[in-house]
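This is what each chain is made of:
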Amino acid sequence: MTAAQRYDDNPCRPRHFKPPPCAAIVPDGPARLALEACRTRLLVTGTLFALVFAVVALRVVEIVAVGGGTAESQVGRFRIVTASVPSHADIVDRNRNVLAATLDSPSLYANPKQIVDAAEATNRLVKVFPTLGAAEVYAKLTSGKSFVWIKRHLTPAEQYDVNQLGIPGLEFEHEERRVYPDGGLTSHVIGYTGIDNAGFAGVERGLDSLLQGRREPLQLSLDLRLQYILREELQRVVADFTAKGGAGLIMDVNTGEILSMISLPDFDPNRPVAPDPQHPDIPLADRMFNRITLGVYELGSIFKIFTVAMALDAGTSTISSTYDASHPIRIGRFTISDYHGKRRVLSVPEILMYSSNIGAARMAVAAGSQTQREFLARLGLLKAPKIEVSEVGTPHYPPKWREVNVMTIAFGHGVSVTPLSFATAAAALVNGGILRQATLIKLPDGRAPQGQQVISAKTSEQMRRLMRLVVEHGTGTMAAAPGYVVGGKTGTADKVSGKHYAERKLLSSFVGVFPINDPKYLVLTMVDEPHPNKQSHGYATAGWTVAPATSRIIERIAPLLGVQPVDESSPEVRRALMVESLQGKRIEAY
Amino acid sequence: MIKLSTLFWLIVVSTTGFAMFAVKYGVQSLEDELNRTKKAIIAEEHAIRADEAEWAYLTRPETLDEMNRRHLSLGPIVTKQLRSTFTDIPLRAATPAAVDAPLVTVVEPPAEGAPATILASTIAPASPGKPAEAPELAKPSPAKAFAKPALPRRPRSLDELIAQVTAGR
């Protein structure tokens, strides 16, 4: 009997009364050792438990009070669905019209092991997809495999129809497809993609890495409306003059943004290899060829603006200098003559206005080969242009810059450049002399990129006056668009075929800037191998082919671009564009 | 004999146990709902993308031009129609006859020498009794409607376009 028992026997014991502690019985010997070992173990275990609970308690405090978000992120990794990002970002124009989109395109596959009635399933599938062969589908469904493709890339409507069939064993695999709603209209700019949506041409290839995994659409500087107008007018020129091709470019001269870029013939990026239904005979390579960025051409007389700008900027000629253009120049085996010679001494404005090869050649010789080469290099004409599309052409120029080269380059033969490089350089001549790299990416409003001063502002102003003269009285009168004060230059080049120039094969081009008194936009149009027609009185030169097209283009695009028409005969415009050396003289018509 | 404290702890344990499971299942069902909603959002996003592409396809400049040719016959803005200053805009004609004029007139540049003013009739508001059924609108001249050569089969919808794309690859 222990003491405790004895106390419990007492019925009067108060509830809170506790028996006094007994005197500790301290056994001796092995019993004592065992007891002490027990105590130590208890202590260790107790401490461990306390530690673990402390960790749990701390973690609870951390989750609740400090960083509650971490728990959710841990869960989300396993359970929460995350939003899907398309493999390639959309491409939109400057007004946010979709030019390229990545769409869901489910593919249908079957698990034949789960198909209950293959014959019935085949009948119903063939009704939804009339292009599929019944025998082929039946063979697939009875193959005994566990995975067979039925049809790749379904449209949303087809997917709905298949779901409506309710056949067990049919499944969809999620795939993506790049779609170009505007088809051929943007073909050479946007390019196209292959399997797995990898970029094969144009911006799709040039900016492929930028487009991948991007959520925000990529905004180009392109304007779809301008693109349509430019393409329509170029198609008209190509059809009217039964030409081999055409190309055009609209550029903001103050920022370098390209608002429109067309190369004809073109292709449908949705079906890049399919033949053109209207012209099945045009080879694919020709349609894929980007004449603006990849093609290099001897552009002919439109190059004379560079010759004049060079001579004026270097100070080797002034606006009132005169050059003898009465006789053709014979140098080596070449004879340089004028297409419509005036056979007299011409002043600098007249050389540009009447497009005199002899005059331009004499001007260039006066400036010297070193000056000419340096000037062209400064304008970026001797290297491949930098642009967001993947296709760029490297210019051709003579390795040794001899006198004959100087003369021919003065009127645009002997140096081949891409029309893009030409337009970029021409923009610098009129915008105050600042060369800015052309771009297809829309720049933030009102922020022109840092440029490079390549000619003086004074020379640029003189160039504006001279280019206005060409449209007012010279070879480009048909490019006039009343109210929009167009200035420009025509160019008709003989194409090289083999080792000689082919007389009948022309490359007619026109560079127009409007309004030339305060330059905003540049329009470059080009037509490859035009043939004369009745309306053009037997001419296929630039003045008769692309100059009228430029006039129509400017009249249509100027209202869209917010350019206000002005009275061209008003004193302010006249004063801004007057050429002093011609004041008071009678200007001969071209 | 059941001690009161034992009963208390039993109740506490069962309550917390119940509460824990209740919260757990609550969270699970909320997660399921979240997943369902997110999936629905993704499906909607895909549908919006498809609709945007379809809209872009249906409002191609080419289609708009064709529809304009067929229904409106509007022409490009001619320089003479633009006025640069406020005083250039002529006052509205006071005669009520102008209201009977068609809402949209076929744009023809005025003949040389004719006064280049915008007639009030071209900008007169539509009167309710005269809906856009002016003869000019109802039947465009055949020459204009078919000025463009008939194109070969163009896909009618985005679905058809995608189908053609697929067939072409």
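Position numbers for residues count from 1 along each chain, tracking the sequence in the order it is written. Chains carry letters and ligands carry numbers; both start at the beginning, A for chains and 1 for ligands, and go up in the order they are written. Local features in this predicted model are restricted to residues whose pLDDT is 70 or higher, and side-chain atom pairs enter the listing and the counts only when it is 80 or higher, whereas totals over whole chains, interfaces and linings include all residues.

## A short note on the overall build of chain B
For step 1, the next point in the chain: On a plain count of helices and strands, chain B comes out with 6 helices and 0 strands.
For step 2, the next point in the chain: Strands are runs of DSSP state E lasting at least 2 residues, helices are runs of H or I lasting at least 4, and numbering of each runs from the N terminus. In chain B, the succession of helices and strands from N to C terminus is α-α-α-α-α-α.
For step 3, the next point in the chain: Across the 169 residues in chain B, those meeting the buried criterion constitute 5%.
For step 4, the next point in the chain: By the convention adopted here, residues make contact when the C-beta atoms placed from their backbones lie within 7 Å. For chain B, contacts bridging at least 24 residues in sequence account for 78% of all contacts bridging at least 6. Burial is judged by counting other C-beta atoms within 10 Å of a residue's own C-beta: 20 or more means buried, 12 or fewer means exposed, and anything between counts as partly exposed, with every C-beta placed from the backbone.

## Here's the deal with the nonpolar core
As a rule of thumb, soluble globular proteins bury nonpolar side chains together.
Residues and elements named next belong to chain A.
For step 1, the next point in the chain: Within the largest apolar cluster, 134 residues are counted, with the highest numbers of intra-cluster contacts made by Met251, Ala423, Val486, Phe514 and Leu522.
For step 2, the next point in the chain: Ranked by residue count, the leading element in this core is helix 17 (residues 419-430), at 9 residues.
For step 3, the next point in the chain: Look past the residues within four positions of Leu522 in its chain and what remains in contact with it is Met251, Val253, Ala423, Ala426, Ala427, Val511 and Val513.
For step 4, the next point in the chain: The term nonpolar core means buried Ala, Val, Leu, Ile, Met, Phe, Trp, Tyr and Cys residues held together as one set by C-beta atoms within 7 Å. In terms of nonpolar packing, the next biggest core, distinct from the first, is built from 10 residues, Leu108, Ala121, Leu141 and Ile150 among them.

## Quick word on the sheet that holds strand 6 (residues 176-179) of chain A
For step 1, the next point in the chain: If you trace the 4 strands from one edge of the open sheet to the other, you get 6-2-1-7 (chain A), paired in mixed fashion. Two strands close off the open sheet at either side, each with one partner strand: strand 6 and strand 7 (218-219) of chain A.
For step 2, the next point in the chain: In this analysis, strands are considered paired if DSSP registers two or more bridges between them. Here 2 bridges tie strand 1 (residues 91-92) of chain A to strand 2 (residues 98-104) of chain A, and the two strands are oriented antiparallel to one another. Bridging across to strand 2 of chain A, Ile91 of chain A finds its partner in Ala100 of chain A.
For step 3, the next point in the chain: Only the contacting stretch of a helix is used when fitting its axis, a line to C-alpha atoms as for every element, and angles between N-to-C directions run 0 to 180 degrees. On top of the sheet, helix 1 (residues 4-58) of chain B reaches strand 2 and strand 6 of chain A; it is set at about 145° to strand 2 of chain A, its chief contact.

## Focus on the pairing of strand 8 (residues 245-252) of chain A
Within a regular beta strand, the side chains point alternately toward one face of the sheet and then the other, so they alternate between its two faces.
All names here are of chain A.
For step 1, the next point in the chain: Counting buried positions along strand 8 gives 8 out of 8 residues, so the element sits mostly inside the fold.
For step 2, the next point in the chain: Burial along strand 8 is two-sided: the face carrying Gly245, Ala247, Leu249 and Met251 and the face carrying Gly246, Gly248, Ile250 and Asp252 are both buried.
For step 3, the next point in the chain: Pairing analysis gives 8 bridges linking strand 8 to strand 18 (residues 521-528), with the strands arranged antiparallel. Residue Ala247 lies in a different strand from strand 18, and its bridge partner there is Met526.
For step 4, the next point in the chain: Of the strand pairs in this sheet, strand 8 and strand 9 (residues 258-264) are connected by 6 bridges, and their pairing is antiparallel. Each bridged residue has a counterpart across the sheet, and for Ala247 the counterpart in strand 9 is Ser263.
For step 5, the next point in the chain: Between strand 8 and strand 9, which pair antiparallel in sequence order, lie 5 residues; one of them, Gly256, sits at a positive phi of approximately 90°.

## Digging into the interface of chain B and chain A
For step 1, the next point in the chain: Counting residues at the interface gives 30 residues for chain B, matched by 36 residues for chain A.
For step 2, the next point in the chain: If you list the elements that add at least two residues to the side of chain B that touches chain A, you get helix 1, helix 2 (61-72) and helix 6 (158-168) of chain B.
For step 3, the next point in the chain: With 13 residues, helix 1 of chain B is the largest single contributor of residues to the side of chain B that touches chain A.

## Topic: the domain arrangement of chain A
Residues and elements named next belong to chain A.
For step 1, the next point in the chain: Either an automatic procedure or a domain database provided the assignment from which the domain bounds are taken. Taken domain by domain, chain A consists of domain 1 (91-219) and domain 2 (227-582).
For step 2, the next point in the chain: Each of domain 1 and domain 2 has a C-alpha centre, and these two points are 45 Å apart.
For step 3, the next point in the chain: Breaking the side of domain 1 that touches domain 2 down by element, the ones donating at least two residues are helix 7 (187-190) and helix 8 (202-206).
For step 4, the next point in the chain: The class makeup of the residues in the side of domain 1 that touches domain 2 is 9 nonpolar, 9 polar and 2 charged. Under this grouping Gly is polar, as are all residues other than the nonpolar Ala, Val, Leu, Ile, Met, Phe, Trp, Tyr, Cys and Pro and the charged Asp, Glu, Lys and Arg.

## Overview of the confidence of the model for chain B
Residues and elements named next belong to chain B.
For step 1, the next point in the chain: pLDDT is defined as a per-residue confidence score from the predictor, taking values between 0 and 100. Residues at a pLDDT of 70 or more form 53% of chain B, whose mean pLDDT is 70.
For step 2, the next point in the chain: Per-residue pLDDT, averaged within each element of chain B, yields its smallest value for helix 4 (residues 135-138) (40) and its largest for helix 2 (92).
For step 3, the next point in the chain: A low-confidence stretch, residues 110-152 (pLDDT under 50), is modelled with 39 contacts involving residues beyond four sequence positions or located in other chains.

## Things to note about unusual backbone geometry
For step 1, the next point in the chain: Looking along the chain, the bond that leaves Leu264 of chain A and enters Pro265 of chain A is cis, with omega of -5°.
For step 2, the next point in the chain: Positionally, Pro265 of chain A belongs in the loop between strand 9 and helix 11 (284-288).
For step 3, the next point in the chain: Residue Pro515 of chain A follows Phe514 of chain A across a cis peptide bond; omega there is -25°.
For step 4, the next point in the chain: The backbone of Arg96 of chain A shows a phi angle near 65°, a positive value even though the residue is not glycine.
For step 5, the next point in the chain: Tracing the backbone through its elements, the reader meets Arg96 of chain A in the loop between strand 1 and strand 2.
For step 6, the next point in the chain: Under the C-beta neighbour-count criterion, Arg96 of chain A is labelled partly exposed, with 14 such atoms within 10 Å.
For step 7, the next point in the chain: Notably, Ser73 of chain B is not glycine yet its phi reads approximately 55°, a positive angle.

## Quick notes on the sheet that holds strand 4 (residues 148-151) of chain A
Residues and elements named next belong to chain A.
For step 1, the next point in the chain: Taken together, the 3 strands give an open sheet; going across it, the order is 4-3-5, and neighbouring strands pair in antiparallel fashion. Only two strands of the sheet have a single partner each, and these edge strands are strand 4 and strand 5 (170-173). The average undirected angle you get between the axes of adjacent strands in this sheet is 40°.
For step 2, the next point in the chain: Examined bridge by bridge, strand 3 (residues 107-110) and strand 5 share 4 bridges and lie antiparallel to one another.

## Points about the packing of helix 14 (residues 357-367) of chain A against helix 16 (residues 403-410) of chain A
Residue and element names in this part refer to chain A.
For step 1, the next point in the chain: One way to put it is that helix 14 packs onto helix 16 with a least axis distance of 8 Å and a crossing angle of 130°. In terms of orientation, helix 14 lies oblique with respect to helix 16. In this structure, the crossing between helix 14 and helix 16 has a hand that is right-handed. Here helix 14 contributes Ala360, Ala361, Met363, Ala364 and Val365 to the contact with helix 16, which in turn contributes Glu403, Val406, Met407, Ile409 and Ala410.
For step 2, the next point in the chain: Considered class by class, the residues forming the contact of helix 14 with helix 16 number 9 nonpolar, no polar and 1 charged. Any angle that falls under 35 degrees is termed roughly parallel, while one over 145 is termed roughly antiparallel, one within 65 to 115 roughly perpendicular, and all others oblique. Each helix crossing is assigned a hand: it is left-handed if the near helix lies turned anticlockwise from the far helix by less than a right angle, otherwise right-handed if that turn is clockwise.

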